[in-house]
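Structural overview for review
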Amino acid sequence: MKILVTGGAGFIGVNFVYYMLEKYADYDIVCLDALTYAGNLKSLDKAMENPRFTFVRGSIADKDCVDKLFEKEKFDVVINFAAESHVDRSIRNPEVFVQTNVLGTAVMLNCAKAAWELPDGTFKEGKKFLHVSTDEVFGALDFDSPLFTEETKYDPHSPYSASKASTMMSFIFILSGIMLFIKTVMYCPTLASRSSLSLSLISLRFILPLKVFGSSLTYSIILGYL
Ligand SMILES: NC(=O)c1ccc[n+]([C@@H]2O[C@H](COP(=O)([O-])OP(=O)(O)OC[C@H]3O[C@@H](n4cnc5c(N)ncnc54)[C@H](O)[C@@H]3O)[C@@H](O)[C@H]2O)c1
């Protein structure tokens, strides 16, 4: 199994990379990361020693780079963590959020589609694309409001959450059949610097029945699909 992890030098991605390398001895991981201010290559030092791990510096919005990577590596699964992810920065500089979160995701989806689609419009067996979004697409929750559910209408309150909502609403059909959509809010104790973690994994029409493993950890949910 060969997995492309984008944004693997970031806060969540790096933990995911180590988890996967340790847990699955037969998985190869390629990490594509632009190393923005949020990426820390040093945190992948130990992974670099593993022959099953490859790091590529590049942007998910660079079609040429992503196409070549798909062509070379023949990925089975893509997990798209790469994003501009900080709300305050999105208010000061929304353009880069559109560039990475919207256009970058479109590039990723189109490259996956080009690599995995068969002449009859179906997709090669076993291919999966997991896109990571955020519960912030639903807006803010008052103390006495009912909880968000899958049916809650999107109501983003920042350029960041608007860029994530846009991705989820715009690109539903590109990979119809092999994308996964999970929305959940969870606590992730392995990630010390942000105790409350909410995460949405998008996919849209389709696939496998949702299984949530263990105690709602991000990774256990993601891994349920691998
Ligand atoms: N951390 C949270 O609490 C939280 C909550 C909800 C959703 N999310 C989502 O989870 C994902 C990961 O979050 P995080 O906290 O690890 O983010 P982060 O900001 O810590 O890391 C993002 C990573 O993406 C890389 N990156 C940025 N632009 C890129 C581009 N154009 N091409 C390739 N790589 C690029 C950065 O270098 C960095 O390594 C994001 O999609 C985020 O929106 C995070």
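Just so it is clear, the model here is predicted, and its values are computed rather than measured.

Of regular secondary structure, the protein possesses seven helices and eight strands. A total of 226 residues make up the protein; the buried ones form 38% of that total.

Attention now moves to the environment of A112. Here A112 is to be found in helix α5 (residues 94–116). On the basis of neighbour counts, which here come to 25 C-beta atoms within 10 Å, the residue A112 falls in the buried class. The sequence separation of A112 and V78 amounts to 34 residues, and the corresponding C-alpha distance is 8.2 Å. In this structure A112 touches F70, V78, F129 and L175, once residues within four positions along its chain are discounted.

Since there are 3.6 residues in each turn of an α-helix, residues three or four apart along the chain are aligned in direction. Its 13 residues give helix α1 (residues 11–23) an end-to-end C-alpha distance of 19 Å, which sits within 8% of 18 Å, the value for a rise of 1.5 Å per residue. Taken residue by residue, α1 has I12, G13, V14, F16, V17 and M20 as its buried positions.

Next up on the list: helix α6 (residues 159–170). Relative to the 16 Å expected for 12 residues at 1.5 Å per residue, α6 spans 16 Å between its end C-alpha atoms, a close match to the ideal helical length. Every buried residue of α6 is listed here: P159, Y160, S161, A162, S163, K164, A165, T167 and M168.

Our focus in this paragraph is the site of the ligand. Near the ligand you find 30 residues, and of these G7, G10, F11, G39 and A83 are the closest. If you list the elements that add at least two residues to the shell around the ligand, you get α1, β2 (28–33), α5 and β8 (196–202). Its residues placed into classes, the shell around the ligand shows 15 nonpolar, 12 polar and three charged.

V5, V17 and V78 are the most contacted members of the largest nonpolar core, which has 38 residues in total. Looking at this core, the elements with two or more residues in it are β1 (2–6), α1, β2, α3 (63–73), β4 (77–80), α5 and β5 (128–133). The biggest single contributor to this core is α5, with six residues. Once you skip the residues sitting within four places of it in the chain, V78 turns out to touch L4, M108, A112, F129 and L130.

The element β1 is extensively covered by neighbouring structure, given that four of its five residues are classed as buried. Alignment of β1 against β2, held across five bridges, turns out to be parallel. Paired with I3 across the bridge in β2 is I29. The handedness of the β1 to β2 crossover, carried by α1, is right-handed.

Not every positive phi belongs to a glycine, and L35 is a case in point at roughly 50 degrees. Along the chain, L35 turns up in the loop between β2 and α2 (45–48). Here the phi dihedral of K74 falls at roughly 50 degrees; this positive angle occurs in a residue that is not glycine. For K74, a count of 11 C-beta atoms within 10 Å puts it in the exposed group.

So, on to the packing of α3 against α5. Contact geometry of α3 with α5 gives a least axis separation of 9 Å together with a crossing angle of 35 degrees. In the crossing of α3 with α5, the sense of the turn from one axis to the other is right-handed. For the pair formed by α3 and α5, the contact residues are K63, V66, D67 and F70 on the first element and V107, M108, C111, A112 and A115 on the second.

Once that is clear, we can look at the confidence of the model for the protein. Close reading of the predicted structure is inappropriate where its pLDDT is low. In the predicted model, the protein carries a mean pLDDT of 82, and the fraction of residues at 70 or more is 77%. The low-confidence segment residues 182–226 (pLDDT under 50) makes 82 contacts with residues lying over four places distant or belonging to another chain.

In the contact formed by α5 and α6, the axes pass within 9 Å of each other and the chain directions differ by 20 degrees. Between α5 and α6, the crossing angle belongs to the class labelled roughly parallel. Where α5 crosses over α6, the two elements pack in a sense that is right-handed. Between α5 and α6, the contacting residues are P94, F97, V98, N101, V102 and T105 on the first element and P159, Y160, S163, K164, S166 and T167 on the second. For the contact of α5 with α6, the per-class residue count stands at six nonpolar, five polar and one charged.

Definitions and cut-offs
Residues numbered from 1 in each chain as written. Predicted model: local features only at pLDDT ≥ 70, side-chain atom pairs only at ≥ 80, totals over all residues. Helix = DSSP H or I, 4+ residues; strand = E, 2+ residues; numbered from the N terminus. Buried ≥ 20, exposed ≤ 12 C-beta atoms within 10 Å, placed from the backbone. Contact = placed C-beta atoms within 7 Å. Expected span 1.5 Å × (residues − 1). Near = placed C-beta within 6 Å. Nonpolar A, V, L, I, M, F, W, Y, C, P; charged D, E, K, R; others polar. Core = buried A, V, L, I, M, F, W, Y, C linked by C-beta atoms within 7 Å. Pairing = 2+ DSSP bridges. Right-handed = clockwise from strand over helix to strand, strands pointing away. Axes fitted to C-alpha atoms, helices over the stretch in contact; angles between N-to-C directions. Left-handed = near helix turned anticlockwise from the far one by under 90°. pLDDT = per-residue confidence, 0-100. Parallel < 35°, antiparallel > 145°, perpendicular 65-115°, else oblique.

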